[in-house]
Structure formats: C-alpha cells, structure tokens
Amino acid sequence: MQYQNTLEFAQTCDAQDALASYRQQFHFPQHQGRNTYYFTGNSLGLMPKKVREYIETELKSWETYGVEGHFEGPNPWMHYHKLFSEKAAKIVGAKPLEVVVMNTLTTNLHLLMVSFYRPTAERFKIIMEGGAFPSDQYAVESQVKFHGFAPEAAIIELVPRPGEDHLRHEDILQTIKTHGASTALVMLGGVNYYTGQLFNMAEITQAGQAAGAVVGFDLAHAAGNVPLQLHDWNVDFACWCSYKYLNSGPGGPSGIFVHERHAHNPALPRFAGWWGHDESERFKMRKGFQPMPGAAGWQLSNAQVMAMAPHLAALDIFDAVGMPALRAKSEQLTGYLAFLLAALQQKHPHSGLNIITPKQPHERGCQQSILLPKIGRQVFEHLQKNGVIADWREPDVIRVAPVPLYNSFEDVYHLCQLLDEALQMFEN
Ligand SMILES: *Cc1c(COP(=O)(O)O)cnc(C)c1O
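Since the model is a prediction, treat every value here as computed from it, not as a measurement.

Novice: How should the packing of helix α11 (residues 323-347) against helix α13 (residues 409-426) be read in this particular structure?
Specialist: Each packed pair of helices is defined by two parameters, the angle between the axes and the distance between the axes. Two elements in contact, α11 and α13, have axes whose closest approach is 10 Å; the angle formed by their N-to-C orientations is 15 degrees. Compared by their axis directions, α11 and α13 come out roughly parallel. In this structure, α11 meets α13 at a crossing whose hand is right-handed. In this structure, α11 uses Gln332, Leu333, Tyr336, Leu337, Leu340, Leu341, Leu344 and Lys347 to contact α13, whose residues at the interface are Phe409, Val412, Tyr413, Leu415, Cys416, Leu419, Asp420, Leu423 and Gln424. Among the residues making up the contact of α11 with α13, the classes are represented as 13 nonpolar, two polar and two charged.

Novice: Sorry, what's going on with the sheet that holds strand β9 (residues 183-189) here?
Specialist: Paired through their backbone hydrogen bonds, the strands of a sheet run either parallel or antiparallel. One open sheet holds the seven strands; their spatial order is β6-β12-β11-β10-β9-β7-β8, and the pairing between them is mixed. Pairing within the sheet leaves two strands with one partner each, and these edge strands are β6 (99-102) and β8 (155-158). Each adjacent strand pair in this sheet contributes to an overall mean axis angle of 20 degrees, direction not counted. Helix α3 (residues 82-92) rests against β6 and β11 (237-241) of the sheet, and its axis sits at about 115 degrees to β6. Helix-sheet contacts for helix α7 (residues 169-179) involve β7 (125-129), β8 and β9, and the interaxial angle to β8 is about 160 degrees.

Novice: What is the right way to look at the side chain of Ser369 in this model?
Specialist: Tracing the backbone shows Ser369 in strand β14 (residues 368-371). Look at Ser369 and you get buried, because its relative accessible area is 0%. Side-chain polar atoms of Ser369 contact the backbone oxygen of Tyr194, separated by 2.5 Å. Sequence-distant contacts of Ser369, defined by excluding residues within four places in its chain, comprise Tyr194, Thr195, Gly196, Asn354, Ile355, Ile356, Thr357, Val397, Ile398 and Arg399.

Novice: So what exactly am I meant to see when it comes to the sheet that holds strand β16 (residues 391-393) here?
Specialist: One open sheet accounts for four strands, arranged β13-β14-β17-β16; its pairing is antiparallel. One side of each edge strand has no neighbouring strand; the edge strands of this open sheet are β13 (354-355) and β16. In this fold α11 packs onto β13, β14 and β17 (397-400), with an angle of close to 15 degrees to the strand it touches most, β14.

Novice: Looking at this structure, I do not really get α7. What am I missing?
Specialist: An α-helical turn contains 3.6 residues, so a residue and the one three or four places further along point in the same direction. Here α7 has its buried residues at Ile172, Thr175 and Ile176. One side of α7 carries all its buried residues, which in axial view fall inside an arc of 100 degrees. The exposed set on the far side of α7, more than 90 degrees from its buried face, consists of Lys177 and Thr178. Structurally, α7 contributes buried residues whose contacts are with β7, β8, β9 and α8 (201-210).

Novice: Just to check I follow, could you spell out the pairing of β17 for this structure?
Specialist: Regular strands place side chains that alternate from one sheet face to the opposite one. Burial of β17 is two-sided: the residues Val397 and Arg399 facing one way and the residues Ile398 and Val400 facing the other way are all buried. Looking at chain direction, β16 and β17 are connected through three bridges and run antiparallel. Its bridge partner lying in β17, Asp391 is registered against Arg399. The antiparallel hairpin formed by β16 and β17 contains three residues in its connecting segment.

Novice: Any chance you could explain the site of the ligand here in plain terms?
Specialist: Around the ligand, the neighbouring residues are Leu105, Thr106, Phe133, Asp136, Asp218, Ala220, His221, Tyr243 and Lys244. Here an oxygen atom of the ligand sits 2.6 Å away from a polar atom, N or O, in the side chain of Thr106. Protein contact buries 82% of the 390 Å² of open area that the ligand shows by itself. Partitioned by chemical class, the residues of the shell around the ligand number four nonpolar, two polar and three charged.

Novice: Quick question: what am I supposed to make of the pattern of salt bridges here?
Specialist: When charged atoms on two side chains of opposite charge get close, those side chains can pair. Tallied over the full model, the rule gives 19 salt bridges. Its salt-bridge partner being Arg168, residue Glu164 comes within 2.4 Å of it at the nearest N-O pair. Its salt-bridge partner being Glu170, residue Arg168 comes within 3.7 Å of it at the nearest N-O pair. Residues joined in a network through salt bridges with shared partners are Glu164, Arg168 and Glu170.

Novice: Is there a simple way to explain the pairing of β6 in this structure?
Specialist: Every second residue of β6 is oriented toward a common face, with Val99 and Val101 on one face and Val100 and Met102 on the other, all of them buried. Pairing of β6 with strand β12 (residues 254-258), which is carried by four bridges, proceeds in the antiparallel orientation. By the bridge assignment for β12, Val101 is matched with Gly255.

Novice: Where do I start with unusual backbone geometry in this structure?
Specialist: Trans peptide bonds make up the majority, and among non-glycine residues the majority have a negative phi. For the bond from Glu394 to Pro395, the omega torsion is 0 degrees, close enough to zero to count as cis. By the element assignment, Pro395 lies in the loop between β16 and β17. The backbone of Gln32 sits at a positive phi, close to 45 degrees, despite the residue not being glycine. Following the sequence through the fold, Gln32 ends up in the loop between β2 (30-31) and β3 (34-35).

Novice: I keep staring at the side chain of Ser85 and nothing clicks. Help me out?
Specialist: Relative to the assigned elements, Ser85 resides in helix α3. Residue classification places Ser85 among the buried positions, given a relative accessible area of 12%. Among the polar contacts listed, one links the side chain of Ser85 to the backbone oxygen of Val99, at a separation of 2.9 Å. Discounting residues that sit within four places of it in the chain, Ser85 has contacts with Pro96, Val99 and Val100.

Parameters at a glance
- Residues numbered from 1 in each chain as written.
- Predicted model: local features only at pLDDT ≥ 70, side-chain atom pairs only at ≥ 80, totals over all residues.
- Heavy atoms only, no water.
- Axes fitted to C-alpha atoms, helices over the stretch in contact; angles between N-to-C directions.
- Helix = DSSP H or I, 4+ residues; strand = E, 2+ residues; numbered from the N terminus.
- Parallel < 35°, antiparallel > 145°, perpendicular 65-115°, else oblique.
- Left-handed = near helix turned anticlockwise from the far one by under 90°.
- Contact = heavy atoms within 4.5 Å.
- Nonpolar A, V, L, I, M, F, W, Y, C, P; charged D, E, K, R; others polar.
- Pairing = 2+ DSSP bridges.
- Buried < 20%, exposed > 50% of the residue type's maximum accessible area, 1.4 Å probe, protein only.
- Polar contact = N/O pair within 3.5 Å; in protein donor to acceptor, adjacent residues only side chain to side chain.
- Arc of directions from axis to C-beta.
- Near = heavy atom within 4 Å.
- Areas by Shrake-Rupley, 256 points an atom, 1.4 Å probe, with all protein chains shown as cover.
- Salt bridge = Lys/Arg side-chain N within 4 Å of Asp/Glu carboxyl O.

So, in structure tokens, the structure goes:
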C-alpha cells in the first residue's frame, strides 16, 4: 500500500475498510463531546456494546432459576465453560480440546508451571525475556525459589545487544543452545509488552524442545493481536488474558492452552480441583482425582459466570471477523502509523523520537512503542489534553496500539497530527 500523509487518504482507507463497521459495536470513552482517540487496546480493550446484554442474560437466569440456573436457561452454568473453548481455540490456532478459559493470567502461569516446570539438579533453568512484564518476573522467580533454586543461577534473561532496542532472533536461539542442557523451561511472551516485538514462536519452540526443554508462552499481548498456530508449532503450553486485545473487561478471565500431546496423561503433576475432574464422575463426590482429558483437566473451580459473560460477547465478535481478516487490516493500519511516525522522525530530527518496535510486520503486532527522551512526558500530556488515550511507561516511552477491530485510519492520522504539534512545541 502506498501511504499518504493526508486526511483525505486516511478517510479513503476507512471508506474502503471491510471491517470499518465493527467500530460501531464498541463504546468509546468521550472527550469534549466526541470519541477519544483510543490507543490502549493493548492495556484494556474497549467495551463491546453487547456485553450488557450477555451479562443481563445470566442475571436473568439467576433471578429466574436460582440454583437451577446450572441446568436451566439459555446457557446452563454447569456447562458454561464449554461455550469458550472452540472460539478461543480459533484465536490461538488450537484444537478445542487444547483450550479452556478459567481463572486469571498470573494464576494460570503458576498452575501451568506446576505442571511444566519440573526442575532437576541438572536441568533447572528458565529462559525468559529480560524486563518481562513484572507479574511474569515474580511468578518465575517465586517458582524457582519454591523448587529450592537460586533465581540468579536459574533464570536466564534474554536482553538486546548493547545499543539495540529489541532481541535478535538468532540471539534467542543461541542462548537456548548455550544453556540447552541445563534448561528446564523456555517461557517468553509471544509479543513483548514493552517493545511490541513479536517473537518467532515456531522456531523458538523447535529450538527449546530440541534442547530437551519444555516451551511455553505468555500470550497476554499476542492473543487477538497476531496470528497464532499453537498446535502446529507444537508449543507445550500457553496462557493469556482476555481484557487487552480480547475486549473482555477489567480482570477478565484467562485462557490456557495445553498441547494435545499432554492431553491424555493423567500422570502429569498438577494442582487439582473438582472442575478438572472427570465430568461423568464429578458429582459422585468420590476420593481420587481423575483429570478430564485436555486443558479442561487443569480447571479448579466452576465457571465465574458473571466475569465470563463479557468474554463470550467479545469472542462472538472475533468469531464473526476471524483472525486472518483482522491481521490483514492490522498490518495496513499499523503500517500507516509506522509510516506517519517515520515522517515525524524526519521532520523533527532533534526531538529524539525513536521507534523501538521492530520495523518488519512479521516481527510486530499492532503496537508501536515511541521512545521520546526528555520531552516524552510533556508530549504525552499534550496528547491527553487533546483526547488521545495512550499509555505512558517510565521513563520515556509512549505506547500506542491501533486496534484493527475499532480504530480507524483517521484515528491514526489525528494522533500523528497531535504528535507533530507537540514535538513542535517541546523539542529543542
Ligand atoms: C497484562 C499482563 C499480565 C497481567 O496479569 P493478570 O494476572 O491478568 O493481572 C501478566 N503478564 C503479561 C505479560 C501481561 O501483559
């Protein structure tokens, strides 16, 4: 696509955008009587208008049936969790058997590490991103300590080369090779939350497993953002949250993936609860845990119906759009933002503006991380004052994510106009 730095061009793109109408399905926070330019779908996705109706359906069941709502009503709660697996599986490229929606992300990271981080005296290391999302750092560190290892020895952090902003794929593979014999687990974000770098999960999985390690991914910034083929890539396990690109509301439920290879192995150690127990036996209330096959066997509790209803509303939208169409628009929209940001960089060579997200579309999702030393905070506040909702990361990064489901080319154009204004005001 030949991009142009004009409002007319942005409007023409919107007019030709097959997904443009989905914007109408979301509530936008308002600023001075009009929609904000909302660029934080990577932090909290916008609310689908249908959410209220989906929650209302379950409130109605509760009101009407009380405990019988487990068996009555449009979505009997006894089976509520089953409404999610197939839809969520499509988003991550999995079989329904391999996916279940439950709990929250960090909880699930721990539950999955209980099963898949099984360190021995010889093989005990975890390879992860340096500067990973703090919750992942704490989860990994506490797991390592729980098994009696020292984090300094057991955690291998991948960091960019000096003077570089993100990781080189060949360096990731080399680190896996170097530590291969002593590595128990390779666990990265599918997309790094800070730089927006999308990792080559297929090759990382292959390299980790060739070294004898288990390979898992935290897909918090990848699910609903980039194409995923977890089953074909042979990933051992993964988990994600639903409130970022998946628009399922604050603290929304997490999804997990456990590869089919592990589906029928009841001997895999795990922390168990009654909802993971063989369904046909669940209410016999007997001693002796027998897991359900597949990811369902990791469930602890019965579904948190009110918290999961918004997720169902959102997944129904994703089901209608499909990830291929979403990714196609995402590449165009993010490409447009990258093009306009590059133009700003040229126009303001002394502003210090630099994009730390990889330039290649196959190495990024929709996020652009804008590094702005010194004047970053002022620029960010100018954007805020003018109705942009973006994300500030200390000390000097503004993260923006044009989300293909509801952001427009015009949104992107206006964002860059405001950035241009701010750079003019504050650069020196
Ligand atoms: C958003 C995010 C989390 C948040 O975890 P919760 O348990 O849902 O609060 C964890 N890890 C990563 C990588 C994230 O991006």
